[in-house]
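Report on the structure
Now for the letters of each chain:
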Amino acid sequence: MATAFWNDDTARKPDGFWASGHTPTLIAAFLYFDLAFMVWVLLGPLAPDIAKSLMLTPAQKGLMVAVPTLAGAVLRVVNGLLVDRIGPKRSGAISQIIVIVGLFTAWLLGVNSFAGTLALGVILGFAGASFAIALPLASRWYPPEHQGKAMGLAGMGNSGTVFAALFAPTLAKWFGWNAVLGLACIPLTIVLGVYLLMAKDAPNAPAPKSLGQYFTPLRQADAWWLMGFYAVTFGGFVGLAASLPIYFTDRFGLSTITAGYCTAACVFAGSLVRPMGGALADRVGGVKALSAVFVVAAVALAGVGFASSVAGALTLFVLAMLALGTGNGAVFQLVPQRFAAEIGVMTGLVGMAGGIGGFYLASSLGIAKQLTGSFQSGFLIFAALALLALAGLTLVKTGWRRRWTAAAGVRI
């Protein structure tokens, strides 16, 4: 049935999840997102080696790993506009080519200064902006009752950050950290070819709007709430993914390779549960899922500030990542229920907020370390933000359940 749907875009979509959409596009979206996220956080696992080579301060290290998240946040809005204007498939191809060319140039010319790392971070932001492409590419093929699963599976491309944490430190040890930039171009190019062959834009894409219409959702308070919630869930996830190699090497004196393994364990946990978060939200409602997420994340992140051993810190980080990954899926179960007609630009706007949250966490940890000699205050402040998000969700949830027009069988 899925094959028939591949060949006939006008065919009636069956009820089952896999048969109701376009599986090859879902796979292509995941692969594109996965490899893009791998290079988006590449500076994190390489940060200890880069900092030693360029003699960076703790604040500079924090800013270096935070810039790709900020650039990705801004570029997600641009990509959201492109998705609605020229379609997600072409938008993804353009973005991927920019990243490949940028990494190849950085490898060829070398990165020899702090300013150079920031410039590279901006280029890597195009990889982070893949979020605003991969999710609408996949989700437009699926009916409302399967949005959480579709976005969760495509969004599981967050797992690309695991590959960066696992392999970048080892490759840097063997070939030097600058060589890793060139080596990353190889899988990126292969996946680009697969993406171009498998991905297909959905036939029910909304008609292009004027530039002003793209930002209409920002007039709605619901958009700002969803952006704020994602700033905590995804911001926490990507901020930790970028910062944990620095944390484990600075806090406990681990080698870059061991710190990479610890980071990979944490990131894998958060990536694995993203589709589960979407499925959970489909079943119990995004509001209930997010409420639990914020409580668990706040407790775990606050606890990290007092952890005195690698095992204790690692356990709390894994718990925090499990919660944040679930929250990522839950937020994007809610987004298409409220903003189905503006899913492209809302994906970009919500994703932008998530990137800003990640920029804040990564940079604030570096600043906290430089000013106080400890990462503790950075973690405590972000835990407080999770509790603030919980208070906001509690405030709006009754109105959401009353006002939102959800498809039959979809829970808010």
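Residues numbered from 1 in each chain as written. Predicted model: local features only at pLDDT ≥ 70, side-chain atom pairs only at ≥ 80, totals over all residues. Heavy atoms only, no water.

**Quick word on the overall build of the chain**
For the record, the criterion: Each helix is a run of DSSP H or I of at least 4 residues and each strand a run of E of at least 2, with the numbering of both proceeding from the N terminus. Between buried and exposed lies partly exposed: a residue is buried under 20% and exposed over 50% of the maximum accessible area for its type, with that area taken using a 1.4 Å probe on protein chains only. Contact criterion: two residues are considered in contact whenever any of their non-hydrogen atoms come within 4.5 Å of each other. Where accessible areas are quoted, they stem from the Shrake-Rupley method and a 1.4 Å probe; at the residue level, only the protein chains shown are allowed to cover.
Secondary structure summary: the chain contains 20 helices and 0 strands in total. Considering the chain as a whole, with its 412 residues, one finds that 59% of them fall into the buried category. Put simply, 85% of the contacts in the chain that link residues at least 6 apart link residues at least 24 apart. Of the roughly 15000 Å² of accessible surface on the chain, 70% is carried by carbon and sulfur atoms.

**Comments concerning the side chain of Thr117**
Along the chain, Thr117 turns up in helix H7 (residues 114-128). Dropping the residues within four chain positions of it, Thr117 is found in contact with Leu43, Ile50, Leu54, Met64 and Val111.

**Some points on the packing of helix H3 (residues 23-40) against helix H8 (residues 131-139)**
We count it as follows: Lines fitted to the C-alpha atoms define the axes, with helices restricted to the stretch that makes contact. Angles between their N-to-C directions range from 0 to 180 degrees. Under this scheme an angle from 65 to 115 degrees is roughly perpendicular, one under 35 degrees roughly parallel, and one over 145 degrees roughly antiparallel; angles in between are oblique. Lys, Arg, Asp and Glu make up the charged group, whereas Ala, Val, Leu, Ile, Met, Phe, Trp, Tyr, Cys and Pro make up the nonpolar group; the residues left over, Gly among them, are polar.
Between H3 and H8, the shortest axis-to-axis distance is 9 Å and the interhelical angle comes to 170°. Considered as vectors, H3 and H8 are oriented roughly antiparallel to each other. Along the contact surface, H3 presents Thr25, Leu26, Ala29, Tyr32 and Phe33, while H8 presents Phe131, Ile133, Ala134, Leu135, Leu137 and Ala138. Its residues placed into classes, the contact of H3 with H8 shows 10 nonpolar, 1 polar and no charged.

**Thoughts on the pattern of salt bridges**
Under the convention used in this document: Whenever a carboxyl oxygen of Asp or Glu lies within 4 Å of a side-chain nitrogen of Lys or Arg, that contact is scored as a salt bridge.
Scanning the entire structure with this criterion turns up 2 salt bridges. Residues Asp250 and Lys61 are paired through a salt bridge, measuring 3.0 Å at the closest nitrogen-oxygen approach. Placement of Asp250 in helix H14 (residues 221-252) and of Lys61 in helix H5 (residues 58-86) is noted, with a sequence separation of 189 residues between them. We classify Asp250 as partly exposed; its relative accessible area is 30%. When the shortest N-O distance is used, the salt bridge between Asp222 and Arg338 registers 2.8 Å. Of this pair, Asp222 sits in helix H14 while Arg338 sits in helix H18 (residues 310-338), and the two are 116 residues apart along the sequence. A relative accessible area of 5% means that Asp222 is categorised as buried. On the basis of relative accessible area, Arg338 is assigned to the partly exposed category, the value being 23%.

**Some details on unusual backbone geometry**
Here Met55, not a glycine, exhibits a phi torsion of approximately 55°, which is positive. With respect to the helices and strands, Met55 occurs in the loop between helix H4 (43-54) and H5.

**Let's talk about H8**
Most of H8 is tucked away, with 9 of its 9 residues classed as buried. Inspection of H8 places Phe131, Ala132, Ile133, Ala134, Leu135, Pro136, Leu137, Ala138 and Ser139 among the buried residues, and these make up the whole buried set.

**Re the environment of Pro88**
Among the structural elements, Pro88 can be located in helix H6 (residues 88-109). Note: C-alpha distance between Pro88 and Ala205 (117 residues apart in sequence) is 9.8 Å. Those residues in contact with Pro88, other than ones at most four positions away along the chain, are Val83, Ile133, Leu137, Arg140, Tyr195 and Asp201.

**Details of the packing of aromatic side chains**
Applicable threshold: We call Phe, Tyr and Trp rings a pair once their centres come within 6.5 Å, taking the six-membered ring for Trp, and we label the pair stacked below 30 degrees between planes, edge-to-face above 60, and tilted otherwise. Charge over a ring is defined by NZ of Lys or CZ of Arg lying within 6 Å of the ring centre and within 35 degrees of the ring normal.
By the definition in use, this model includes 22 aromatic pairs. Among the aromatic residues, those joined into a ring-pair cluster are Phe33, Phe37, Trp40, Tyr230, Phe234, Phe237 and Phe332. Positioned over the ring face of Phe339 is Arg338, at 4.5 Å from the centre of the ring.

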